[in-house]
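Structure at a glance
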Amino acid sequence: MVESPEPRTTPDDAATDGATDGAAAAARPIADVAIVGAGPVGLLLACLLVQRGLSVTVLEARGQSSEHSRAIGIHPPGIAVLAQLGLADAAIAAGTPIFRGEAWCDGELLGALEIGEAGGRYPFVLSLPQQGTERLLRDRLTELNGGVDPVRREVRVTGVSQRSEYVQLTTKASHISVGSDAGTDAASPRHVLARYVVGADGARSRVRELAGIRWVAAGKAQPYLMADFRSDQPPRLGPAESGGDSGGGRLAATTALLAFERGGVVESFPLPGGWRRWVVLTDRLWHEAGVADLAGIVRDRTGIELPMASASDEERERTDSSLSAFAVRQHLASRMAAGRIALLGDAAHEVSPIGGQGMNLGWLDAAALAPALELAVRGGHDLSGRALHEYDLRRRFAARRAVAQAAFNMQIGREASGPRLGVRNALVRVLGRPPFRALLAQAFTMRGL
């Protein structure tokens, strides 16, 4: 076990800090890294940093973790990052592997993707709801940090000021104290000091905004509706004699569905416990939609009847609570590092959920940023500048590739008819055959990002 060192101290050198800081004559604690955001990306970065012996403070605006799981797919490179923390086996035991993906249209199997064709140690995509992933990371972070949870909840960042040797975060907290100003009113500003600050606070990143980093849109927004349903049997598509990997058109329990239908894509991914997540493209952002509306879209486009009548009260409650209407417009930050501030995950790049790249791309950011921050902390100013510059260049390049791939996926999933439908289906058929199938498997599982 690697225990996090005690936070370093720095002289309270600002008279520049304002009246509140000016009254503090004693030295104040300073962490090596302050991470803003305690989602799966921020937690994983914190684990990697503490494992390397750096002191970490994690600030989270929410009072508790969300029970709603947007991210469920962990791609092989993401599993490999979990393995660095000793969490791969626990995640695999808690999740469901997806070994295959099938593309359908009008009851016809267009092609299939075998995840194992991409090669590597993990021949599957792991399906695990986000709250389960966060639970594993929180527990591991506390363990690595000597039994102390470094996450401070209900803390909102309201200001960022870069100094020569550290960054000062101005925060407001509802119920807990932060830093050395514990005796002041809970609603008053407090300050957190760190040698480096990382924004892992999502697509609406306050850290990115305060750092003056531009947020550049790429393409148009696409709206979706999603919910989780439980069924004793995987769905069946097409007549019994039509392909599939088990019993005609019935999907296997470890197979993902990509139905590229005329009215728009319908996706279905296995979840633990016999559940499946269903995602459909809609013609508008449909906040007032109900579970029956989503089920109706699935039935109209694919002929699949989602199990609503046979569901128990508990299952209906989970399905109702999982229902979500959302729209995604892809974005890229103009920079992923500026001085002593770095961005990662959705704070640095917002990627379409089609393909499930978002959380995994953030984890790969974290795997690249952790050694860069260690070098920055231990190597001095010159090395820190080069390390973060290299991180910025490499990860923005990867993000641009991911956005381009997601844009292709979004185009394939749009509504189609006439000649466009024929061309689209022909392309999917070609991609589902050798030698393109193995290349597609590598791209789908985020190899090289």
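Residue numbering note: each chain is counted from 1, following its sequence as written. Since the coordinates come from a predicted model, pLDDT governs what is reported: local features require at least 70, and pairs of side-chain atoms require 80 or more to be given and counted, while whole-chain, interface and lining totals use all residues. Side-chain numbers come from the whole structure's heavy atoms, not from hydrogens or water.

Overview of the overall build of the protein
Along the backbone of the protein there are twelve helices and 20 strands. Burial classes: relative accessible area under 20% of the type maximum marks a residue as buried, over 50% as exposed, and values in between as partly exposed (1.4 Å probe, protein chains only). Counting all 449 residues of the protein, 52% fall into the buried class. Partitioning the contacts of the protein with sequence separation of at least 6, the portion at a separation of at least 24 is 70%. For the accessible areas, the method is Shrake-Rupley and the probe is 1.4 Å, while residue cover comes only from the protein chains on display. As displayed, the protein has an accessible area near 18,900 Å², and 52% of this comes from carbon and sulfur atoms. Strands are runs of DSSP state E lasting at least 2 residues, helices are runs of H or I lasting at least 4, and numbering of each runs from the N terminus. Contacts: residue pairs with any heavy atoms within 4.5 Å of one another.

Considerations on the sheet that holds strand β14 (residues 255-261)
At least two bridges found by DSSP between two strands are what make those strands a pair. Pairing is mixed across the open sheet formed by eight strands, whose spatial order is β7-β6-β14-β15-β16-β13-β17-β20. Looking at which strands have only one partner, the edges of the open sheet turn out to be β7 (108-114) and β20 (349-350). Bridging between β14 and strand β15 (residues 264-271) involves five bridges; their strand directions are antiparallel. When the bridges of β15 are listed, Phe260 appears paired with Val265.

Regarding the environment of Gly42
Tracing the chain through its elements places Gly42 in helix α2 (residues 40-51). Residues Gly42 and Trp363 lie 321 residues apart in sequence; the distance between their C-alpha atoms is 8.7 Å. If we ignore the near neighbours within four places in the chain, the residues touching Gly42 are Ile35, Gly37 and Ala200.

Topic: unusual backbone geometry
The amide bond that connects Pro434 to the next residue, Pro435, takes the cis arrangement and shows omega of 0°. Tracing the backbone through its elements, the reader meets Pro435 in the loop between α11 (418-431) and α12 (436-444). In this structure, Asp106 takes a positive phi of about 55° despite not being glycine. With respect to the secondary-structure elements, Asp106 resides in the loop between β6 (100-105) and β7. On the basis of relative accessibility, which here comes to 44%, the residue Asp106 falls in the partly exposed class.

A look at the side chain of Thr133
Mapping Thr133 onto the fold places it in helix α5 (residues 130-144). Residue class for Thr133 comes out buried when judged on its relative accessible area of 2%. Not counting residues within four places of it along the chain, the set of residues in contact with Thr133 comprises Ile74, Leu128 and Trp363.

A look at the pairing of strand β16 (residues 275-281)
Of all seven residues in β16, seven are buried, a share of seventy percent or more. Side-chain alternation along β16 places Trp275, Arg277, Val279 and Leu281 on one buried face and Arg276, Trp278 and Val280 on a second face that is also buried. Note: strand β13 (residues 215-230) against β16, seven bridges, orientation antiparallel. Bridge pairing links Ala227 to Trp278 in β16. Pairing analysis gives six bridges linking β15 to β16, with the strands arranged antiparallel. If you follow Phe269 over to β16, its bridge partner there is Arg277. Hairpin connection, β15 to β16: the antiparallel pair is bridged by three residues, and Gly273 has positive phi, about 80°.

Comments concerning helix α3 (residues 76-84)
Residues three or four positions apart in an α-helix share a direction because the helix packs 3.6 residues into each turn. Listing the buried residues of α3 in full gives Pro76, Pro77, Gly78, Ile79, Val81 and Leu82. Those residues of α3 hidden inside the fold are in contact with α2, β4 (73-74), α4 (88-94), β8 (125-127), α5 and α9 (358-379).

Topic: the pattern of salt bridges
Pairing of side chains with opposite charge becomes possible as their charged atoms draw close. Criterion for a salt bridge: a side-chain nitrogen of Lys or Arg within 4 Å of a carboxyl oxygen of Asp or Glu. Here the structure, examined in full by the defined rule, presents 19 salt bridges. The salt bridge partner of Arg277 is Asp228, with a shortest N-O separation of 2.8 Å. On the criterion of sequence distance, the pair formed by Arg277 in strand β16 and Asp228 in strand β13 is long-range, its members being 49 residues apart. Via salt bridges that share partners, Arg52, Glu374 and Arg378 belong to a single interconnected network.

Some words on the sheet that holds β4
Spatial strand order, β4-β8-β5: three strands in an open sheet with antiparallel pairing. Across the chains shown, the open sheet's two edge strands, defined by having one partner strand only, are β4 and β5 (96-98). Sheet analysis places β4 next to β8, joined by two bridges and oriented antiparallel. Bridging from a neighbouring strand, Ile74 pairs with Leu126 of β8.

Things to note about the packing of aromatic side chains
Only centres within 6.5 Å qualify two rings of Phe, Tyr or Trp (six-membered ring in Trp) as a pair; their planes then separate them into stacked at under 30 degrees, edge-to-face at over 60, and tilted for everything else. For the structure shown, the criterion picks out three aromatic pairs. Ring centres of Phe99 and Phe124 lie 5.8 Å apart, and the angle between their planes is 70°; this geometry places the pair in the edge-to-face category. Note that Phe99 is positioned in the loop between β5 and β6 and Phe124 in the loop between β7 and β8, a separation of 25 residues in sequence. What makes Phe99 partly exposed here is its relative accessible area of 35%. Here Phe124 falls in the buried class, since its relative accessible area comes to 9%. Residues Tyr224 and Phe326 carry aromatic rings whose centres are separated by 5.7 Å and whose planes lie at 25° to one another, so their mutual orientation is stacked. Here the residue Tyr224 occupies a position in strand β13, and Phe326 occupies one in strand β17 (residues 324-333), the gap between them amounting to 102 residues.

Focus on the pairing of β13
Note: β13 against β17, nine bridges, orientation antiparallel. Counterpart to Gln222 in the pairing with β17 is Val328.

Notes on the environment of Ala367
Mapping Ala367 onto the fold places it in helix α9. On a C-alpha basis, the gap between Ala367 and Leu44 in space is 8.7 Å, while along the polypeptide they are 323 residues apart. Ignoring anything within four residues of it in the chain, the contact list for Ala367 reads Leu48 and Val81.

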